[in-house]
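An overview of the molecular structure
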Amino acid sequence: SAVISQKPSRDICQRGTSLTIQCQVDSQVTMMFWYRQQPGQSLTLIATANQGSEATYESGFVIDKFPISRPNLTFSTLTVSNMSPEDSSIYLCSVVRGASGELFFGEGSRLTVL
Amino acid sequence: GIQVEQSPPDLILQEGANSTLRCNFSDSVNNLQWFHQNPWGQLINLFYIPSGTKQNGRLSATTVATERYSLLYISSSQTTDSGVYFCAVGELTGGGNKLTFGTGTQLKVEL
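A short tour of the structure in this document, coming up. (Residues numbered from 1 in each chain as written. Chains lettered and ligands numbered in written order. Predicted model: local features only at pLDDT ≥ 70, side-chain atom pairs only at ≥ 80, totals over all residues. Heavy atoms only, no water.)

Observations concerning the overall build of chain B
For the record, the criterion: The numbering of helices and of strands both runs from the N terminus, where a helix is a DSSP run of H or I of at least 4 residues and a strand a run of E of at least 2. With the radius of gyration taken over C-alpha atoms, the globule rule is written as 2.2 Å times the number of residues to the power 0.38. Only protein chains enter the calculation, and the probe is 1.4 Å; a residue is then buried if its accessible area is under 20% of its type maximum, exposed if over 50%, and partly exposed in between. Residue contacts follow a heavy-atom distance rule, with two residues in contact if any of their heavy atoms lie within 4.5 Å.
For chain B, the helix and strand inventory stands at 0 helices and 11 strands. Against the globule reference of 13 Å for 111 residues, chain B gives a C-alpha radius of gyration of 13 Å, in line with a compact fold. Seen through its principal axes, chain B has C-alpha atoms that stretch 45 × 25 × 20 Å. By residue count, 49% of the 111 residues in chain B fall in the buried class. Intrachain contacts of chain B at a sequence separation of at least 6 include 56% that bridge at least 24 residues.

Some details on the sheet that holds strand S3 (residues 19–25) of chain B
Residue and element names in this part refer to chain B. How we decide: The criterion for strand pairing is that DSSP finds at least two bridges linking the strands in question. All axes here are fitted lines through C-alpha atoms, helices being fitted over the stretch that makes contact, and every angle between N-to-C directions spans 0 to 180 degrees.
The 5 strands lie next to each other as S1-S3-S8-S7-S6, forming an open sheet whose pairing is antiparallel. Each edge of the open sheet carries a strand with a single partner, namely strand S1 (4–7) and strand S6 (52–56). Within the sheet, the average angular offset between the axes of one strand and its neighbour, ignoring direction, is 15 degrees. In terms of strand pairing, strand S7 (residues 59–64) meets strand S8 (residues 69–74) through 6 bridges, oriented antiparallel. Considered in S8, the bridge of Thr-62 is made with Leu-71.

A word on the sheet that holds strand S1 (residues 4–7) of chain A
Backbone hydrogen bonds are what pair the strands of a sheet, in a parallel or an antiparallel way. Residues and elements named next belong to chain A. Spatially, the 4 strands line up as an open sheet ordered S1-S3-S8-S7, and their pairing is antiparallel. Both outer strands of the open sheet, S1 and strand S7 (68–72), are each paired with one neighbouring strand and no more. Each strand of the sheet is rotated relative to its neighbour by a mean of 15 degrees, with strand direction disregarded.

Some thoughts on the pattern of salt bridges
Just so we agree on the cut-off: A pairing counts as a salt bridge when a side-chain nitrogen of Lys or Arg comes within 4 Å of a carboxyl oxygen of Asp or Glu.
Enumeration according to the criterion identifies 4 salt bridges over all chains in this entry. Put simply, Asp-87 of chain A and Lys-65 of chain A hold a salt bridge, and the shortest N to O gap is 2.7 Å. Of the two residues, Asp-87 of chain A is situated in the loop between strand S8 (75–80) and strand S9 (89–97) and Lys-65 of chain A in the loop between strand S6 (56–57) and S7; the sequence distance between them amounts to 22 residues. A salt bridge links Lys-108 of chain B to Glu-110 of chain B, with the shortest nitrogen-to-oxygen separation between them at 3.8 Å.

Let's talk about the nonpolar core
The condition is simple: Buried Ala, Val, Leu, Ile, Met, Phe, Trp, Tyr and Cys residues that are joined via side-chain atoms within 4.5 Å together make up what is termed a nonpolar core.
If you look at the biggest cluster of nonpolar residues, it comprises 26 residues, and the most contacted ones within it are Met-32, Trp-34, Ile-46, Phe-66, Ile-68, Leu-78 and Tyr-91 of chain A. Elements supplying a minimum of two residues to this core: strand S3 (19–25), strand S4 (32–37), strand S5 (43–49), S8, S9 and strand S11 (109–113) of chain A. Contacts of Phe-66 of chain A, omitting those with residues within four sequence positions, involve Arg-36, Ile-46, Tyr-57, Phe-61, Leu-78, Thr-79, Val-80, Asp-87 and Tyr-91 of chain A. The next biggest cluster of nonpolar side chains, apart from the first, holds 22 residues, and it includes Val-4, Trp-34, Ile-74 and Cys-87 of chain B.

Next comes the structure, spelled out in structure tokens:
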């Protein structure tokens, strides 16, 4: 398995502000992913965080709204910019561990935008 | 993209009962995982099972990749089994690491 720590675990934010979520992994990993889970919904992939290059975004997500950094093989950040109440969600970091491709998730960051 | 449907969407069980959750997917996959999301939102890995059968205590899972479905069995359910169960798949053409999550099954186990 993997130890994946996210900060903050939860936060209440004001409309129009931005918040950066941190994801720290206990060992080096090649692939890191950011997911969003809106209230009562399933999880949706936002982007793949690539070390040393720009993140790869999924359809419907753009870099201006969700800028991602990946400065090394154990750390990544996701910023939710210019937040609106529709951004209220759980944001989860995940990593691939082992040759099988099994994914493990952090405990999530629960954001509420007022 | 690949479609992942889970059934039933909601399930209420009495403690001690057994249940079967189903996951259907629309295309070939090389990654399939089952997760339990607890009431605090944390996703807990249950099984990595792109094919075959696995068992872990009261839980077991079977994936029939050629027929594009997977089943999760819960036996002798307990109240701590409550939560949402997600099936997630990785497409063969996409390398398998980017997961598409199913619609989920909300399980409530009552005393």
